[in-house]
Amino acid sequence: AWASYMTNSPTLIVMIGLPARGKTYMSKKLTRYLNWIGVPTKVFNLGVYRREAVKSYKSYDFFRHDNKEAMEIRKRCALVALEDVKSYLLEECGQIAVRSSVLKTVLHQGSSKLPGAFRNLIWGWGLKVFFVESVCDDPEVIAANILEVKVSSPDYPERHRENVMDDFLKRIECYKVTYQPLDPDASDKDLSFIKVINVGQRFLVNRVQDYIQSKIVYYLMNIHVQPRTIYLCRHGESEYNLLGKIGGDSGLSPRGKQFSQALKKFIEEQEIVDLKVWTSQLKRTIQTAESLGVLYEQWKILNEIDAGVCEEMTYAEIEAKYPDEFAMRDQEKYLYRYPGGESYQDLVQRLEPVIMELERQGNVLVISHQAVMRCLLAYFLDKSADELPYLRCPLHTILKLTPVAYGCKVETITLNVEAVNTHRDKPSLNSHGLPSRQSPVRMRRNSFTPRASADTVKRPRHHSLGSKPLHLLGPLPSLE
Amino acid sequence: PAARELTQNPLQKTWEPYDNGLPAGHSAQRGVCMTNCPTLIVMVGLPARGKTYISKKLTRYLNWIGVPTKEFNVGQYRRDLVKKYKSFEFFLPDNEEGLKIRKQCALAALNDVRKYLSEENGHVAVFDATNTTRERRETIYKFGEENGYKTFFVESVCVDPEVIAANIVQVKLGSPDYVDCSNDEATEDFMKRIECYKNSYETLDETLDKDLSYIKIMDVGRSYLVNRVMDHIQSRIVYYLMNIHVTPRSIYLCRHGESELNLKGRIGGDPGLSVRGKEFAKSLAQFINEQNIKDLKVWTSQMKRTIQTAEALGVPYEQWKVLNEIDAGVCEEMTYEEIQENYPLEFALRDQDKYRYRYPKGESYEDLVQRLEPVIMELERQENVLVICHQAVMRCLLAYFLDKPAEQLPYLKCPLHTVLKLTPVAYG
């Protein structure tokens, strides 16, 4: 067990490995995942700092280990990056910093400033450090990496592809001279790390300290790089959609059934290999899947957001009956929880196993609901909590997501079957005369914030409508 | 062809397609693992490395999350066959008769595995034996292939003599093998038993076994080597094994203090504590103080009554929405009499299959278990924890720790104002 001063300490994830081993790919993906589940995370890529410092990259000579001038520049960049990391974690309330493209040699160069800096991190700043090393000896994988991401790097603006490959391979050779992989049996046995070998074929995990490191390990063990496509769409238009009612468990309208047929045709035309189809446990998604005539799986956790007391009402009815709730939702749509229901934030937590399984799978079609689809889309497209509840996910539209380089390509396919529009934009601010910084959610529904326990992800703290917030006068409440 | 009609299962409220009035097979409920082929987990390791501990724990976990799992302990087969254990000499590598009997037991166990996975609808079988030679593992692997099982090895490697000694004291001294021996005699014999295996022990090797799927656990979880995880269930197993630990600790489970709705006999809702409930909260604070628990974590749900209870303790606590009481849907805040009057069919269905029954627009115990899985995972990671929750929730958590099956779970006794203190001991 760690000493008590480590409680609530932020985490620094350090990526290690030779170039073209997928460090930046993993950093970005991991950062996207952590931010989505609500852990503020940021990537600090040394390559970016280096490109800032050295305006124009000439050749792999920069990376030769005996190039003293270059080494100085690189060390300075690392220090600047460390300062930024410090300010993010300690001053800007970030939880996790992912530091990409640092080689392990840096830690062990006795005379360099950097090991001292690292030691400061661990002891002085109260940070936990977790290493993620990517080791790969498969030349095909390495070549593919170089082609996919390095050829379009800012370092190689106009070069011929072969020159790029050549220069980059020589760059790798420069690093190999001094590269020391993490050694769990000797020098590194007290460090916390995961070693990812050959793109996830094998993993070595050492000394996982806490909950967040355990989740990081689980995530890294479930992702893969095989090409595949994810299709996201909503159920066909439902009877309740036509009536403008939210929630409920209604069946498809005639146009919704038309959409299902069109979806079937579309899927057949795509000729997807081994497509898995997932639905929620609500009738409208299942009816949509039924038309496809293929095997599908029902997930309860793909059900639409629970609108609690507002279920099966129209927005007009909600505004009339619960005007304060209605206003609050527009002010802070991500955090807002329906009385007796859920918030988008709750949805994200609920959907995490879906995301994890999507990462494991190959080609998948997910037939879900508006709020659910927004959450899934925000994960794939790295959208913030502010943008998430306003992402456009209209009925009868399919989003085709294909992983590419460090992100995701999106293709929108409308199947030309008319449907009602269920999207509500964020109304203009100050519609209730409140200063823009002051949110009624925080004013009226802020639960007390007890001191959090150590080493756990902070949970949302809202209580349902009808209960008065508890008044804390001291450690023990008065017991009338 | 028109899409099939859907009918709603009255018990679980799930929509199922049907053809000519009969349920059709095209839709599958998302269970935990949609593996089409069963999984055979093979334990590997010298004696006293925690194999049986891991097998039993893993089996308990998988059954709780809804994956039918059974463990097959070859040592038990040996004890059934060879009525009286004499000494470690039975395990000497050149003891022909011993080897014959041990092979026979292994085969008998494998046969039962086959029956369980191929005939009795089991999904996972845990084959608990030393399996320390590559030859033995190959035999088992071939067996798996022939029967269409996916094989996953779990090896436990430990060289720390203190850990091994502690294991022997915890579980070997009380074994039926040593019922007539003194502790010292038993320990001496067992150490010699371990020696019998050491010479022929072939640990899973990164090169030689690179095509197998396995996890190698080193030094009781200090580090892990994971190779070729094939599917969802193996990934879940790896995650679970990487989160469990053996540090002694206690888990305290209790419900919130009596609530205002409890007094009225109404279920659900989000009421505050009654007068007696507040008294309980005070007593709980006193009890916790007296227990003098090191680094106690306190968890509550996000419902007022558990939070009020925790507030009385005067210590930091963590609120989990997933610890909220089961959602009774349209029956929220009704009394059982009112439910019976207004929804007689629902009332009857619930008594028929309380585990799977889902309240209309609400949840079932089965849903609760899925929702509580992250709590269990985090409880495994933690040490001393007090969980202040609700009746149905507490039943689910208790069923996990006490290995109670789904049929018994909804009837476990979890009265108000009662604290259950759980301490891991031996295999339970």
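Quick caveat: nothing in here was measured; it's all calculated off a predicted structure.

**Describing the packing of aromatic side chains**
And step 1. Evaluation of the coordinates by the stated rule reveals 20 aromatic pairs over all chains.
And step 2. Taking the centre distance of 4.0 Å and the plane angle of 5 degrees together, the rings of A:Tyr33 and A:Tyr219 count as stacked. Highlighted residues: A:Tyr33 in helix H1 (residues 23-36) and A:Tyr219 in helix H8 (residues 211-222), separated in sequence by 186 residues.
And step 3. Relative accessible area serves as the criterion here: at 0%, A:Tyr219 is assigned to the buried category.
And step 4. Taking the centre distance of 5.9 Å and the plane angle of 65 degrees together, the rings of B:Phe143 and B:Tyr149 count as edge-to-face. The same class applies to B:Phe143 and to B:Tyr149, which are both buried.
And step 5. In this structure an aromatic cluster arises from ring pairing among B:Tyr85, B:Phe90, B:Phe91, B:Tyr178, B:Phe190 and B:Tyr197.
And step 6. When the ring centre of A:Tyr240 is taken as reference, the NZ or CZ atom of A:Lys245 above it lies at 5.8 Å.

**Quick notes on the packing of H8(A) against helix H7 (residues 232-243) of chain B**
And step 1. One can describe the packing of H8(A) onto H7(B) by two numbers: an axis separation of 11 Å at closest approach and a directional angle of 155 degrees. One finds that H8(A) runs roughly antiparallel with respect to H7(B). Between H8(A) and H7(B) the crossing geometry is right-handed. Together, A:Ser214, A:Lys215, A:Val217, A:Tyr218, A:Met221 and A:Asn222 of H8(A) and B:Ser235, B:Arg236, B:Val238, B:Tyr239, B:Met242 and B:Asn243 of H7(B) make up the contact between the two elements.
And step 2. Residues of the contact of H8(A) with H7(B), tallied by class, amount to six nonpolar, four polar and two charged.

**Details of the UniProt feature "active site" (unreviewed entry) in chain A**
All names here are of chain A.
And step 1. When the UniProt feature table is mapped onto this chain numbering, "active site" (unreviewed entry) sits at His 235 and Glu 304. In terms of the greatest pairwise C-alpha distance, the residues named above, spread along 70 residues, form a tight cluster of at most 10.7 Å across.
And step 2. Secondary-structure assignment places His 235 in the loop between strand S7 (230-234) and helix H9 (239-243).
And step 3. Exposure remark for His 235: the relative accessible area of 3% places this residue in the buried category.
And step 4. Setting aside chain neighbours within four positions, we find His 235 in contact with Asn 241, Phe 259, Arg 284, Thr 285, Thr 288, Ile 367, Ser 368, His 369 and Leu 395.
And step 5. Among the polar contacts made by the side chain of His 235, one reaches the side chain of Arg 284 at a distance of 3.4 Å.
And step 6. With respect to the helices and strands, the residue Glu 304 is situated in the loop between strand S9 (296-298) and helix H12 (315-321).
And step 7. Assessed through its relative accessible area of 17%, Glu 304 is described here as buried.

**A few points about the UniProt feature "active site" (unreviewed entry) in chain B**
Residue and element names in this part refer to chain B.
And step 1. Here, UniProt's "active site" (unreviewed entry) annotation points to His 256 and Glu 325.
And step 2. Locating His 256 in the fold gives a position in the loop between strand S11 (251-255) and helix H8 (260-264).
And step 3. With a relative accessible area of 2%, His 256 lands in the buried category.
And step 4. Structurally, the position occupied by Glu 325 is in the loop between strand S13 (318-319) and helix H11 (336-342).
And step 5. The buried category is assigned to Glu 325, whose relative accessible area is 14%.
And step 6. Leaving out residues up to four positions away in the same chain, Glu 325 has contacts with Met 303, Arg 305, Glu 363, Arg 371, His 390, Gln 391, Ala 392 and Val 393.

Analysis parameters
Residues numbered from 1 in each chain as written. Chains lettered and ligands numbered in written order. Predicted model: local features only at pLDDT ≥ 70, side-chain atom pairs only at ≥ 80, totals over all residues. Heavy atoms only, no water. Phe/Tyr/Trp six-rings, centres within 6.5 Å; stacked < 30°, edge-to-face > 60°. Helix = DSSP H or I, 4+ residues; strand = E, 2+ residues; numbered from the N terminus. Buried < 20%, exposed > 50% of the residue type's maximum accessible area, 1.4 Å probe, protein only. Lys NZ or Arg CZ within 6 Å of the ring centre and 35° of its normal. Axes fitted to C-alpha atoms, helices over the stretch in contact; angles between N-to-C directions. Parallel < 35°, antiparallel > 145°, perpendicular 65-115°, else oblique. Left-handed = near helix turned anticlockwise from the far one by under 90°. Contact = heavy atoms within 4.5 Å. Nonpolar A, V, L, I, M, F, W, Y, C, P; charged D, E, K, R; others polar. UniProt positions renumbered as here; feature names shortened; annotations may be inferred. Polar contact = N/O pair within 3.5 Å; in protein donor to acceptor, adjacent residues only side chain to side chain.

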